[in-house]
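As a plain string of letters, each chain reads:
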Amino acid sequence: MADIIQREICPQFGVCGGCSLQDMAYDRQLAHKLKISKNALAKNDIDPGVISEIVPSPEIYGYRNKMEYTFGDEYIGGPMNLGMHKAHNFISIIEAGCCQLVPEDFNRVLNATLGFCREKGYSFYHKKRHEGLMRSLIVRKGRRTNELLVNIVSSSQAGFDEDGYKNIIMSLDLDANVVGLLHTINDNVSDAVCCDELRVLSGVPYYMEEVLGLRFKVGAFSFFQANVEAAERLYRDAIALIDGLEGKTVFDLYCGTGTITQAMALRAKQVIGVEIVEEAVE
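Residues numbered from 1 in each chain as written. Predicted model: local features only at pLDDT ≥ 70, side-chain atom pairs only at ≥ 80, totals over all residues. Heavy atoms only, no water.

Considering the sheet that holds strand β3 (residues 89-95)
Strands sit in the order β3-β2-β1-β4-β5-β6-β7 across an open sheet of seven strands; the sheet is mixed. Two strands in the sheet have a free side with no partner beyond their single neighbour: β3 and β7 (197-203). Neighbour-to-neighbour, the strand axes of the sheet open up by a mean angle of 30°, direction not taken into account. As paired elements, strand β1 (residues 66-72) and strand β4 (residues 134-142) share five bridges and run antiparallel to each other. By the bridge assignment, Tyr69 is partnered in β4 with Leu137. Along the sheet face, helix α2 (residues 104-120) touches β1, β2 (81-86), β3, β4 and β5 (147-154) and points at about 155° away from the line of β4. Here helix α3 (residues 162-170) sits on the sheet and contacts β4, β5, β6 (177-185) and β7; the angle it forms with β6, its principal contact strand, is near 155°. (Pairing = 2+ DSSP bridges. Helix = DSSP H or I, 4+ residues; strand = E, 2+ residues; numbered from the N terminus. Axes fitted to C-alpha atoms, helices over the stretch in contact; angles between N-to-C directions. Contact = heavy atoms within 4.5 Å.)

A look at helix α4 (residues 228-240)
In an α-helix there are 3.6 residues to a turn, and that puts residues three or four apart on one side. For α4, built from 13 residues, the straight-helix expectation of 18 Å at 1.5 Å per residue is met to within 8% by its first-to-last C-alpha distance of 18 Å. Turning to α4, its buried residues number three or more, namely Val228, Ala231, Glu232, Tyr235 and Ile239. Looking straight down α4, one finds its buried side chains confined to an arc of 100°; they lie on one side. (Expected span 1.5 Å × (residues − 1). Buried < 20%, exposed > 50% of the residue type's maximum accessible area, 1.4 Å probe, protein only. Arc of directions from axis to C-beta.)

A closer look at the packing of aromatic side chains
The way to describe two aromatic rings as a pair is by their centre distance and the angle between their planes. Taken as a whole and assessed by the stated rule, the structure comprises six aromatic pairs. On the basis of an interplanar angle of 70° and a centroid distance of 6.1 Å, the ring pair of Phe116 and Tyr122 is categorised as edge-to-face. For Phe116, a relative accessible area of 7% puts it in the buried group. Classification of Tyr122 by relative accessible area gives buried; the value is 13%. Grouped by ring-pair contacts, the aromatic residues Phe116, Tyr122, Phe160 and Tyr165 constitute a single cluster. A cation sits over an aromatic face here: Arg7 above Tyr61, 4.2 Å from the ring centre. The side chain of Lys217 reaches across the aromatic face of Tyr206, ending 4.5 Å from its centre. (Phe/Tyr/Trp six-rings, centres within 6.5 Å; stacked < 30°, edge-to-face > 60°. Lys NZ or Arg CZ within 6 Å of the ring centre and 35° of its normal.)

Written as structure tokens, this is what we have:
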């Protein structure tokens, strides 16, 4: 395992709802997850012995290639935050600019975005009143390509300074290359990010990623596995389980951007992917 030495516990641990096992040594985390998995199978009358081990993640820090942050406040009348939902409190939002599960570039973009919005005096979108400007920030990265996609999400309420925000983000000292800076307009009342209008402020609305030697164009709203190194290991093992794959037709249901579909197609006679999200299929 590449990153076995555990760091000091994140200062937001226990308050942030993003993770729950960081105070546990990684080997104990694996044992805990193995127990949970076996219990889940036993409750459904499946032999828990089919699971022999939990395969550790190749990396335990900085592995996430996507984060969706929310604008809000931790308490009524408090300053605007940008980050994660507070543990056991879906309404409250706490800052997540020091997260250890993401590349450091994500923290840099988050902190710059929050500083920009606070300086401008922007309001955040109130889930109950359905009013306000700032809603979400989505940051995605191509792990193998070092490409960064930044998507700021607001309501259609006037006032967001697109040029000012572009200048802030494009001037950051980042490890990755910002290939796309987007502004999504979302007036949907649900908490999910819906796209009423997509404005490309710079670059392109996608990033590239490589898995098993294949290159994938990942759109702003396309599903993609959050841990690329672990996903690649999973795909290799899944392919190895199919005897006589070369002569078979394979159906990949709910295929998303088709990572498993394309990986299987390297060996199978034919692979058919089925997916409802048109952008992912494209």
